[in-house]
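# Summary of the model geometry
Here's the letter readout for the chains.
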Amino acid sequence: MSTQRVERIEVRAFKAFKHLDFKLRGRHLLAFGGNGAGKSSLYWTLYTFLQSAAKDTPNVAKYFDDSGPQSLLNVHATPAERATAAVVVSIKDEDHTSAAVYSLSHELHDTKANPDVLKASLASDFITYRVLSSFYQFRNSQAIDLWPVFEQEILPFAQGTSTKDIATLWHKLKTADPFIQSKASGEAAWYRKGRYERFDADIARFNQALDEVLASISAQAQLFYNAHFAEPGTTVVLKVGATVKASKYDRYAHRFTVPSIGFEIELNGNVVRKPQSFLNEAKLTQLALSVRFGATLAHLHDSPLKLLVLDDLLISLDMNNRMKVVDIILSETFAEHQKIILTHDLGFFNEFRRRIGASHTDWSFQHFKSVQGTGIALREAKTEVQKAEDYLNGHSLDEAAICLRRAAEDSAKRLREWLSEEKLPPGKFFSLTANLREAKNRLLLTIPKQLYEKVLKGTPIELLQKLIPNSAADFEAEAGLEPAERGKINSKRGSLRKLLTNTHWTAMENARLIDEVLATTERVLNPGAHGGESPLYEAEVTIALDLIKRLEACCP
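Let me begin by describing the structure that accompanies this report. (Residues numbered from 1 in each chain as written. Predicted model: local features only at pLDDT ≥ 70, side-chain atom pairs only at ≥ 80, totals over all residues. Heavy atoms only, no water.)

## Comments concerning the overall build of the protein chain
A tally of helices and strands in the protein chain yields 20 helices and 13 strands. Per-residue burial over the protein chain gives 46% buried out of 556 residues. Long-range pairs, those at least 24 residues apart, make up 68% of the contacts in the protein chain between residues at least 6 apart in sequence. Accessible area for the protein chain stands at about 27800 Å²; split by element, carbon and sulfur atoms hold 52% of it. (Helix = DSSP H or I, 4+ residues; strand = E, 2+ residues; numbered from the N terminus. Buried < 20%, exposed > 50% of the residue type's maximum accessible area, 1.4 Å probe, protein only. Contact = heavy atoms within 4.5 Å. Areas by Shrake-Rupley, 256 points an atom, 1.4 Å probe, with all protein chains shown as cover.)

Quick look at the structure:
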């Protein structure tokens, strides 16, 4: 199946956007923006676009009706701008040989019943923190009921076994009222009885299909949790199931009861019926993510276009657990999805970008920015090193040095934390020099002192590689050595060679690099030195740029 990708998103006078024109060019997107910057508007723009394929035209046009109660038009746009409000999405094939442009407005509904967009709406996933928190935002006295979040977020994409299209069946039940319909048709009581029985038969079909859906989700959620969040010595069993079935039609009250879906766990064999009363928010988020991603994996749909759109998904997780989820998002599990990751947390944005690689051609790194005249726009989010390169190319040496100082501080802090395997105390300041020196000390602790002083120090890597021979000629002819012993010696030589020329050599080279960064700190990286009598020179800033790039590469 060919792969399609979103190429361009244009939004006029819709949600928070006055005029957004963003060329994604088929890449994944990682975007940072503060609260109110436009993240959720982009999320809902893409959601509205995909969902519009299954709607009739009046239910799309209402979003662009300036006087209507469900208008989503930008309140800050002028009447003339609102009159041209639209959402325009361009989609291209992987080989970029063909393109499709879809427009939504008060008059246009290009996506209506479009097979490709319909498939994409079923195959794509949209998840916000609000969705995850709805799994556990209950009082201690309340039993968890996930039916509302299932009805809105999961049921439209789920597939039963006995009844494939469970969402359509549920919509039929929810919008039907056998008594009102029968009375309006002037039916006799005996005929009305048949209408009730047909409704009850549909209820039975729905309950069976819902049980099937919940069983498949529960199984996939357990597999997902075990693969990504399970902790040694602790057994967690996730249980998701209907605690109340949808009821038959009440002939006297003229209504029926919607189902309830319970969520509980078994912890080391003990049933925890109200997880929200026992677990912290980070663990609850792990469980909610397992169920939500389990729902995706249980009901995979084929489509040329698949989007994974996440809006501030991980704000309740610490950075270590966030990076676990980042690795999941970047794994083969979601390899077919075009990923749109939106966050208000700059630290998380930077860590996510580092995990991807700041220059990765498959990703676009952006930040939401307010631009006079056109409103919110997406602009390329450059790293401090990238900014320094731009300033250096423009011969703005002081500005380049300031950016390099910020990059050095960040890298030194991360390197120190990585080597010490613990985070620095929050709110406590450590200077660039202090972090570099502590990182160097940690590196040197990994090398035996005598080995460093008598072998490694001052010895080029080429000579180190010759200290231990690659061949076994010196002991092959030695009498008394069994073949197995010769193989063991050869293996140990390989390990020793690798230790000298890789592990210890890398640690020594990184320590030497830190010395070079420390040497250039006073001259180039010290902001107080700028603007003095002794000006910066382009050559020394270029050298500092290379050093900081190498320092960044020291951290995993």
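## Thoughts on the pairing of strand 8 (residues 260–267)
Among the 8 residues of strand 8, 6 are classified as buried, and the element is accordingly described as predominantly covered. In this sheet, strand 8 lies alongside strand 7 (residues 236–244) in antiparallel orientation, the contact comprising 8 bridges. For Gly-241, the partnering residue across the bridge sits in strand 8 and is Gly-262. Direction of pairing for strand 8 relative to strand 9 (residues 270–272): antiparallel, over a ladder of 3 bridges. In the sheet register, Leu-267 faces strand 9, and the bridge partner there is Asn-270. (Pairing = 2+ DSSP bridges.)

## Digging into the packing of aromatic side chains
Evaluation of the coordinates by the stated rule reveals 21 aromatic pairs. Between Phe-32 and Phe-349, the ring centres sit 6.1 Å apart and the planes meet at 55°, which makes this aromatic pair tilted. In this pair, Phe-32 sits in strand 3 (residues 28–32) while Phe-349 sits in helix 12 (residues 346–356), placing the two residues 317 residues apart along the sequence. Relative accessible area serves as the criterion here: at 2%, Phe-349 is assigned to the buried category. Both rings, one in Tyr-196 and one in Tyr-249, keep their centres 5.3 Å apart while their planes meet at 25°; by these two values the pair is stacked. One end of the pair, Tyr-196, is in helix 9 (residues 189–228); the other, Tyr-249, is in the loop between strand 7 and strand 8, with 53 residues separating them in the sequence. Using a relative accessible area of 7% as the deciding quantity, one classes Tyr-196 as buried. A cation over an aromatic ring shows up here: Arg-416 above the ring of Phe-430, its NZ or CZ 4.6 Å from the ring centre. (Phe/Tyr/Trp six-rings, centres within 6.5 Å; stacked < 30°, edge-to-face > 60°. Lys NZ or Arg CZ within 6 Å of the ring centre and 35° of its normal.)

## Focus: the side chain of Lys-339
Tracing the sequence through the fold places Lys-339 in strand 11 (residues 338–343). No salt bridge forms around the buried Lys-339; measuring N to O, its nearest opposite-charge neighbour Glu-332 is 8.8 Å away. There is a polar contact of 3.1 Å between the side chain of Lys-339 and the backbone oxygen of His-337. Once residues lying within four places of it in the same chain are set aside, the contact partners of Lys-339 are His-28, Leu-29, Leu-308, Ile-329, Phe-334 and Trp-363. (Lys, Arg positive; Asp, Glu negative; His and termini not counted. Salt bridge = Lys/Arg side-chain N within 4 Å of Asp/Glu carboxyl O. Polar contact = N/O pair within 3.5 Å; in protein donor to acceptor, adjacent residues only side chain to side chain.)

## Observations concerning the pattern of salt bridges
Taken as a whole and judged by the stated rule, the model has 31 salt bridges. Ionic pairing is found between Arg-82 and Asp-66, a salt bridge with its closest N-O pair at 2.9 Å. Residue Arg-82 is found in helix 3 (residues 79–83), and its partner Asp-66 is found in the loop between helix 2 (58–61) and helix 3; the two are separated by 16 residues along the sequence. Taking relative accessible area as the criterion, Asp-66 reaches 44% and is therefore assigned partly exposed.

## Quick notes on the packing of helix 9 against helix 10 (residues 281–298)
Where helix 9 meets helix 10, the closest approach of the two axes is 7 Å, and the angle between their N-to-C directions is 125°. Relative to helix 10, the element helix 9 is oriented oblique. For the pair helix 9 and helix 10, the sense of crossing is right-handed. Along its contact with helix 9, which presents Ser-216, Ile-217, Gln-220, Ala-221, Phe-224 and Tyr-225, the element helix 10 presents Lys-283, Gln-286, Leu-287, Leu-289, Ser-290, Val-291, Phe-293, Gly-294, Ala-295, Leu-297 and Ala-298. (Axes fitted to C-alpha atoms, helices over the stretch in contact; angles between N-to-C directions. Parallel < 35°, antiparallel > 145°, perpendicular 65-115°, else oblique. Left-handed = near helix turned anticlockwise from the far one by under 90°.)

## A look at the sheet that holds strand 2 (residues 17–23)
Read from one edge of the open sheet, 4 strands run 2-1-4-5, paired in antiparallel fashion. Only two strands of the sheet have a single neighbouring strand rather than two, namely strand 2 and strand 5 (99–104). Direction aside, the axes of adjacent strands within the sheet are offset by 15° on average.

## Brief notes about the sheet that holds strand 13 (residues 375–380)
With mixed pairing, the 6 strands of this open sheet are ordered in space as 6-10-11-3-12-13. Edge positions in the sheet fall to strand 6 (125–128) and strand 13, since each of these pairs with one other strand and no more. When strand polarity is set aside, the average angle formed by the axes of neighbouring strands in this sheet is 20°. Taken together, the 5 bridges between strand 10 (residues 307–311) and strand 11 define a ladder with parallel strand orientation. Pairing of Leu-308 across the sheet is with Lys-339, part of strand 11.

## Section: unusual backbone geometry
Note on backbone geometry: most residues besides glycine have negative phi, and most peptide bonds are trans. The residue Ala-13 is not glycine, and still its phi comes out positive at about 55°. Among the structural elements, Ala-13 can be located in strand 1 (residues 4–14). Phi angles above zero are rare outside glycine, and Ala-113 is one such case at about 55°. Checked against the element boundaries, Ala-113 lands in the loop between strand 5 and helix 4 (115–123).

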